[in-house]
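Observations on chain architecture
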Amino acid sequence: MKIADKHYRTIWLGDDGWSVNVIDQTLLPHVFEVRPLKSMAAAAAAIADMVVRGAPLIGATAAYGMALATHADTSDPALEAAYAQLLATRPTAINLRWALDVMRERLLVVPEEFRRELAYGLAAEICDNDVAACRSIGQHGSILIADAHARKAANSGARNGAGAAVNVLTHCNAGWLATVDWGTALAPIYTAHDAGIPVHVWVDETRPRNQGAALTAYELGSHGIPYTVIVDNAGGHLMQHGMVDLCITGTDRTTAHGDVCNKIGTYLKALAAHDNGIPFYVGLPHSTIDWRLGDGVAEIPIEQRDGGEVSHIHGVTEAGQGTSVRLVPAGAAVANYAFDVTPARLVTGLITERGVCPASRAGLLGLYPEQAENAAP
Ligand code: MRU
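Residues numbered from 1 in each chain as written. Predicted model: local features only at pLDDT ≥ 70, side-chain atom pairs only at ≥ 80, totals over all residues. Heavy atoms only, no water.

On to the pairing of strand 4 (residues 20-23). Residues of strand 4 alternate between two faces, with Val-20 and Val-22 on one and Asn-21 and Ile-23 on the opposite face, all of them buried. Pairing geometry for strand 3 (residues 11-13) and strand 4, over three bridges, is antiparallel. For Trp-12, the partnering residue across the bridge sits in strand 4 and is Asn-21. If you look at the hairpin formed by strand 3 and strand 4, you'll find six residues sitting between the two strands, and Gly-17 has a positive phi there, around 85°. Relative to strand 5 (residues 34-37), strand 4 runs antiparallel, the two sharing four bridges. Residue pairing across strands places Ile-23 opposite Val-34, the latter belonging to strand 5. (Buried < 20%, exposed > 50% of the residue type's maximum accessible area, 1.4 Å probe, protein only. Helix = DSSP H or I, 4+ residues; strand = E, 2+ residues; numbered from the N terminus. Pairing = 2+ DSSP bridges.)

Right, let's get into the domain arrangement of the protein. Each assigned domain of the protein is listed with its residue range as follows: domain 1 (2-126) and domain 2 (140-371). The straight-line distance from the C-alpha centre of domain 1 to that of domain 2 is 25 Å. The interface of domain 1 with domain 2 comprises 31 residues on the first partner and 34 residues on the second. Between domain 1 and domain 2, a total of about 2,600 Å² is buried, with carbon and sulfur atoms accounting for 59% of that surface. For domain 1, the biggest contributors to the area lost against domain 2 are Arg-53, Thr-92 and Ile-94; these three give 24% of the whole. Inspection of the domain 1/domain 2 interface yields one salt bridge. Counting across the interface, domain 1 meets domain 2 through 14 residue pairs in polar contact (both at pLDDT 80 or more). Classifying every residue of the side of domain 1 that touches domain 2 gives 17 nonpolar, eight polar and six charged. (Domains from an automatic or database assignment. Contact = heavy atoms within 4.5 Å. Buried area = accessible area lost by both parts, 1.4 Å probe. Salt bridge = Lys/Arg side-chain N within 4 Å of Asp/Glu carboxyl O. Polar contact = N/O pair within 3.5 Å; in protein donor to acceptor, adjacent residues only side chain to side chain. Nonpolar A, V, L, I, M, F, W, Y, C, P; charged D, E, K, R; others polar.)

Counted under the stated rule, the structure contains three cavities of 30 Å³ or more. Quantified by volume, the largest cavity comes out at close to 150 Å³. In this structure, the largest cavity is lined by 18 residues; those nearest its centre are Arg-53, Gly-54, Ala-55, Asn-173 and Asp-252. Among the secondary structure elements, those contributing two or more residues to the lining of the largest cavity are helix 2 (55-72) and strand 11 (260-263). A class-by-class count of the residues in the lining of the largest cavity yields seven nonpolar, seven polar and four charged. When residues are assigned to domains, the lining of the largest cavity turns out to be shared by domain 1 (2-126) and domain 2 (140-371), each giving three or more. Considered as a void within the structure, the second largest cavity measures approximately 110 Å³ in volume. The wall of the second largest cavity is formed by 13 residues, among which Asn-95, Trp-98, Ile-126, Asp-130 and Ser-287 lie closest to the centre. Contributions of two or more residues to the lining of the second largest cavity are made by helix 2, helix 4 (94-108) and helix 5 (112-156). Tallying contributions element by element places helix 5 first for the lining of the second largest cavity, with four residues. The residue makeup of the lining of the second largest cavity, split by class, is seven nonpolar, five polar and one charged. There are two domains that each give the lining of the second largest cavity at least three residues, and those are domain 1 (2-126) and domain 2 (140-371). (1 Å grid on protein atoms, 1.4 Å probe; cavity = no way out; pocket = protein on both sides within 12 Å on 5 of 7 lines; lining within 4 Å. Points joined across faces, edges and corners; volume = space filled by probe spheres on them.)

Set out below in structure tokens:
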């Protein structure tokens, strides 16, 4: 993606050939700052503190975390310790375990002297594959937006296929900042917009970390896509009044049965969409599917984060000064559940790099038949 005419991915190798650069997402949208990671511990801290976030980027950062571990020590115990420390950073996004498993399986079977080069090569490959998958999600998903636009134009009697913009509602940030490039939920929007289809995005602010208000708004604005930030509770009202044509979100973990775990509040949007007959799609690469699990509500671990994210809010003054204020009475009890699970029955379809499928075991295996033996029954 371009920022001020320069193309960026969210993670890349430093000029020294071994350190790793990321964009500090805790400072966006007010400050764009590149942060170098020079150790496995720094990569782990960047994931835990949400300097980087979003399931695919968490996986990519963990992969580079393993590479950074080999820069210091290529022994089996060092790699096992790095695996454990990186895995413990965030519990919900399955891309983290997926990327770490790829790294561990491929590294431990080669002699130590080859591990460093292999680790950096594997991490780069994981990043390149994520970009290709997200680009493909964009192509498949943009067809849904094009169809919605054609339906709108036909219903309004517009000529030459022209018509009002397609209104897409999204939650959290599942754009290029959540991946290595392109995004998952936002990739279809970028692709449709670039193809000349008019799109307007309703952006849920996404308390408590405000990934929508801060990051999705920043991304869409940088790309020139019209958007409107709304409070998290506005979606149902907009849907009742015909102001949403489709919803597209991302996911941090999707089960073999098609249950979708995503940022807290996604489930409520899916319920409202279902009640109003509005299609609810989810974009994801294969690395976000947890084939071992069936029932997402029962089986997916839900991260609970620091209550300070609920009790306080961060922003900048009009003078540009960063500040944090308390919203609740001093000492108020707060709880910070970071994710929820939307049952497959509320999901119209999964937009993957291999195409769009029903949110079901049969639907997923139709696209990924090689996983038949791994998929939860
Ligand atoms: O806590 P975060 O910001 O890492 O959570 C990310 C999300 O939940 C996003 O909604 C996203 O869809 C998943 S990553 C593409």
